[in-house]
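Listed here are the chains, written in short residue letters.
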Amino acid sequence: MNSHYATRSINADGTWKNLTEMMNSASDLSPTAIQMARVVGLAYASKLYRENPELADFSNFSINGNEIAFGTIGNASTSEGIFFEAINAAGVLQIPMVISVWDDEYGISVPNKYQTTKEDISEVLQGFQRTADKPGIEIFKVKGWDYVALCETYEQAAAISRNEHVPVLIHVTEVTQPLGHSTSGSHERYKSEERLAWEREYDCLPQMRSWMLSSAIATAEELDELEKETKSYVKGEMKAAWREFMNVAKKEKLEILNLLEQLGQELPEIARQALILSSEIDPLRKEMICTVRRCLRLARHHQSNAKQRVKDWLDKHLEINKERYNTYLFTDTPFSPLHVKKVEAQYSENSKMVDGREILNACFDFNFAKYKELVAFGEDLGKIGDVNQGFAGLQAKYGEIRISDVGIREMTIMGQGLGLSLRGLRPIAEIQYLDYIYFGINVLTDDLASLSYRTKGGQKTPMIIRTRGHRLEGIWHSGSPIGAILGSLRGIHFCVPRNMTQAAGMYNTLLKGDEPALVIECLNGYRIKEKMPDNIGDFTV
């Protein structure tokens, strides 16, 4: 969507930029409240960078965990379940996350009385408020038109969150809505005249002007001139941007009109189509492509050099548009797991037959020793080593900061992994069984799977989702989760190993790569005997 900005976190060669030397904005997205999941992970990364001394060398990603993850959400979107799940997760994890709730008392046309208990989200969340003896979140409330109070509130909130690693919620009330939700959703349709008059008075711009005048920062004449210059500048830049965009389109239009006119000399119906296109004042690429395709259909029984030139133009511009609009489903860097060289598993006369779970355990052990940035978390993953013992004993060896249990919160488990991977860490986020992936699939399909595409390869998320959910029996069909996720998660590699040796090879391969993947382990493979490879952490698939 327009105005959804993002910074580029990686260089053209796929290497990471120094994120500590730039302001960082994770790619925004459209579904309401979905950003809450990834903000948990972005903030959790600061906690890991501060509390894990083994990450001290990763100085291009963090300065001692001082970074705050700022997130914003509208008051109506706080009704979404993912909002409450994220607030709860942040309170449990105690992470430097600052969430702003912009509250204009409406969700499009629906007022707060239908959105929020007590019509006040900060009042609803009072149970999360930290106390002297119990951790929680810090809650502030401030009016959106009060500039001084906003500055003081955000300064205090940022200091608490950065220094103490405490999540903070800032409830910004009395926010106004200048134009309604959209061009088709004018707020005059559902707000009273009194409300609209109040909004005009308490809009941030006139309130800011009033404060600057009362504080003697500027005179009325100076502000009038500043407003005039600003409006003129914005209008000029808008026109320049549109002109720059349309100049390219107009050049393309002239090219194809010339070719269609040549073909039109041979086929009158083509000349009519060219005339229609030429009458378009500001034709977009869609109109041009559609016209060319229509002409080629009309000329399907005609063969000539003029027709071939039109077809060549279409082929050329389809390729150009592919680069513009259809690339980077994956980041496709030199570090893609698809570029990892295959290394066969090696065995010797000393190779032992062990349970499949032991092969996984040895693989994870090797990689946790090798990659200091590797972390894993999930339900029952830490203390008991997961429900099938793939992580048995590893929390005791590598510490709770790297291998940890989490609550039953699939959406923010996915968001936790996504945010960590955006900040240079390598998370393995576990969903206990494939059936449960539905509870986190909104984060996966709306955010993780499309992130590389949305940023045109400017951001990457080398995250592994680990789960289990097949028995090498029968055929998966549309009644199984796999039927839904195959279509929903394009942009995430799917790995379905037939045994735990192949699963280990897949993990080794993915950890050498830099793209997201879902690994679905075989349910009846954990206690089936397999031979332990001698190169357990080095072989790939």
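Residues numbered from 1 in each chain as written. Predicted model: local features only at pLDDT ≥ 70, side-chain atom pairs only at ≥ 80, totals over all residues. Heavy atoms only, no water.

Draft legend 1. Representation of unusual backbone geometry in the model. Backbone geometry at Glu105 places phi at a positive 75°, although glycine is not the residue there. Residue placement: Glu105 occurs in the loop between β2 (97–102) and β3 (106–107). (Helix = DSSP H or I, 4+ residues; strand = E, 2+ residues; numbered from the N terminus.)

Draft legend 2. Region of interest: the pattern of salt bridges. Under the definition given, this model contains 29 salt bridges. Where Glu54 meets Lys372, a salt bridge forms, and the shortest distance between an N and an O atom there is 3.5 Å. Here Glu54, found in the loop between α1 (35–51) and β1 (69–74), pairs with Lys372, found in the loop between α11 (356–370) and β8 (374–378); they are 318 residues apart in sequence, far enough to count as distant. Accessibility expressed as a relative area gives 36% for Glu54, which makes it partly exposed. Look at the salt bridges and you will find they share partners, linking Asp386, Glu430, Arg466, Arg468 and Glu521 into a network. (Salt bridge = Lys/Arg side-chain N within 4 Å of Asp/Glu carboxyl O. Buried < 20%, exposed > 50% of the residue type's maximum accessible area, 1.4 Å probe, protein only.)

Draft legend 3. Structural context of the packing of helix α7 (residues 220–264) against helix α9 (residues 285–298). Running from N to C, α7 and α9 point in directions that differ by 15°, and their axes come no closer than 10 Å. In terms of axis orientation, α7 runs roughly parallel to α9. The hand of the α7/α9 crossing is left-handed. In contact with Phe245, Val248, Ala249, Glu252, Lys253, Ile256 and Leu260 of α7, α9 contributes Arg285, Met288, Thr291, Val292 and Cys295. Across the contact of α7 with α9, the residue classes tally to eight nonpolar, one polar and three charged. (Axes fitted to C-alpha atoms, helices over the stretch in contact; angles between N-to-C directions. Parallel < 35°, antiparallel > 145°, perpendicular 65-115°, else oblique. Left-handed = near helix turned anticlockwise from the far one by under 90°. Contact = heavy atoms within 4.5 Å. Nonpolar A, V, L, I, M, F, W, Y, C, P; charged D, E, K, R; others polar.)

Draft legend 4. Structural view of α9. For α9, spanning 14 residues, the distance from its first C-alpha to its last is 20 Å, which sits close to the expected 20 Å at 1.5 Å a residue. Among the residues of α9, Arg285, Met288, Ile289, Thr291, Val292, Cys295 and Leu296 are the ones counted as buried. Within α9, the buried residues cover an arc of 160° as seen down the axis, which keeps them to one side. Pointing more than 90 degrees away from the buried face of α9 are the exposed residues Lys286 and Arg297. The inward-facing, buried residues of α9 abut α7, α8 (268–279) and α10 (305–325). (Expected span 1.5 Å × (residues − 1). Arc of directions from axis to C-beta.)

Draft legend 5. Quick peek at the sheet that holds strand β11 (residues 464–470). As summarised here, the arrangement of the six strands in space is β9-β8-β10-β11-β13-β12, forming an open sheet in which the pairing is parallel. For this open sheet the edge positions go to β9 (403–405) and β12 (493–495), each flanked by a neighbour on one side alone. Looking at each pair of strands side by side, their axes are set apart by 20° on average, direction ignored. In the sheet, β11 pairs with strand β13 (residues 517–522) via six bridges, with the strands oriented parallel. Its bridge partner lying in β13, Ile464 is registered against Ala517. Each of β8, β9, β10 (426–430), β11 and β13 is contacted by α11, which is oriented at about 135° to β8, the strand it contacts most. (Pairing = 2+ DSSP bridges.)

Draft legend 6. Main features of the packing of aromatic side chains. With the rule as written, the count across this model stands at 12 aromatic pairs. Ring centres of Phe368 and Tyr398 lie 5.7 Å apart, and the angle between their planes is 40°; on these two criteria the pair is classed as tilted. In this pair, Phe368 sits in helix α11 while Tyr398 sits in helix α12 (residues 394–398), placing the two residues 30 residues apart along the sequence. On the accessibility criterion, Phe368 (0% relative accessible area) is buried. Site record: aromatic cluster; members linked through ring pairs are Phe364, Phe368, Phe391, Tyr398 and Tyr507. Lying over the aromatic face of Tyr106, Lys191 brings its terminal NZ or CZ to 5.0 Å of the ring centre. (Phe/Tyr/Trp six-rings, centres within 6.5 Å; stacked < 30°, edge-to-face > 60°. Lys NZ or Arg CZ within 6 Å of the ring centre and 35° of its normal.)

Draft legend 7. Here's a closer look at the sheet that holds strand β5 (residues 138–143). Spatial ordering of the open sheet is given by β1-β2-β6-β5, a layout of four strands whose pairing is parallel. Two strands bound the open sheet, and with one partner strand each, they are β1 and β5. Adjacent strand axes in the sheet meet at a mean angle of 20°, parallel and antiparallel pairs treated alike. Where β1 lies against β2, six bridges are found, and the strand directions are parallel.

Draft legend 8. Representation of the side chain of Asp103 within the structure. Within the element layout of this structure, Asp103 appears in the loop between β2 and β3. No salt bridge is formed by the buried Asp103; the nearest opposite charge belongs to Lys141, separated by 7.1 Å. Side-chain polar atoms of Asp103 contact the side chain of His171, separated by 2.8 Å. Setting aside its immediate chain neighbours within four residues, Asp103 contacts Asn75, Asn112, His171, Val172, Thr173, Glu174 and Val175. (Lys, Arg positive; Asp, Glu negative; His and termini not counted. Polar contact = N/O pair within 3.5 Å; in protein donor to acceptor, adjacent residues only side chain to side chain.)

Draft legend 9. How the structure looks around the nonpolar core. Core analysis: the largest hydrophobic core is formed by 63 residues, its most contacted members being Met97, Leu169 and Met414. Here this core gets 10 residues from one element, more than from any other, and that element is α1. Ranked by size, the runner-up nonpolar core spans 31 residues in total, among them Leu381, Ile464, Met500 and Ile536. (Core = buried A, V, L, I, M, F, W, Y, C linked by side-chain atoms within 4.5 Å.)

Draft legend 10. Local environment of the state of the cysteines. What the rule picks out here adds up to zero disulfides. With no disulfide partner, Cys204 has as its closest neighbouring cysteine sulfur the one in Cys151, 12 Å distant. Cys204 gets classed as partly exposed once you look at its relative accessible area, which sits at 42%. (Disulfide = S-S within 2.5 Å.)

Draft legend 11. Molecular detail of a positive patch on the surface. A contiguous patch of positive charge on the surface is contributed by Lys231, Lys235, Lys239 and Arg243. Considering the arrangement of structural elements, one finds Arg243 in helix α7. (Patch = residues over 30% accessible without salt bridge, like charges linked within 9 Å, V, L, I, M, F, W, Y side chains within 5 Å. Areas by Shrake-Rupley, 256 points an atom, 1.4 Å probe, with all protein chains shown as cover. Charge placed at Lys NZ, Arg CZ, Asp CG, Glu CD.)

Draft legend 12. Spatial organisation of the side chain of Thr331. By secondary structure assignment, the location of Thr331 is in the loop between α10 and β7 (353–355). Within the local environment of Thr331, its side chain forms a polar contact with the side chain of Glu515, the two groups lying 3.3 Å apart. Those residues within four positions of Thr331 in sequence are excluded, and the remaining contacts are Ser452, Gly457, Gln459, Lys460, Asp514 and Glu515.

Draft legend 13. Molecular detail of the pairing of β2. With five of its six residues buried, β2 lies for the most part within the structure. Following the backbone out of β1, through helix α2 (residues 81–93) and into the adjacent parallel β2, one traces a crossover that is right-handed. As judged from the five bridges shared by β2 and strand β6 (residues 168–173), these two strands associate in the parallel manner. Within β6, the residue paired with Ile99 across the bridge is Leu169. (Right-handed = clockwise from strand over helix to strand, strands pointing away.)

Draft legend 14. Broad picture of the packing of α9 against α10. Two elements in contact, α9 and α10, have axes whose closest approach is 10 Å; the angle formed by their N-to-C orientations is 145°. Considering only the axes of α9 and α10, their crossing is left-handed. Of α10, the residues touching α9 (which contributes Arg285, Met288, Ile289, Val292, Arg293 and Leu296) are Lys307, Val310, Lys311, Trp313, Leu314, His317, Leu318, Asn321, Arg324 and Tyr325. For the contact of α9 with α10, the residue count by class is nine nonpolar, two polar and five charged.

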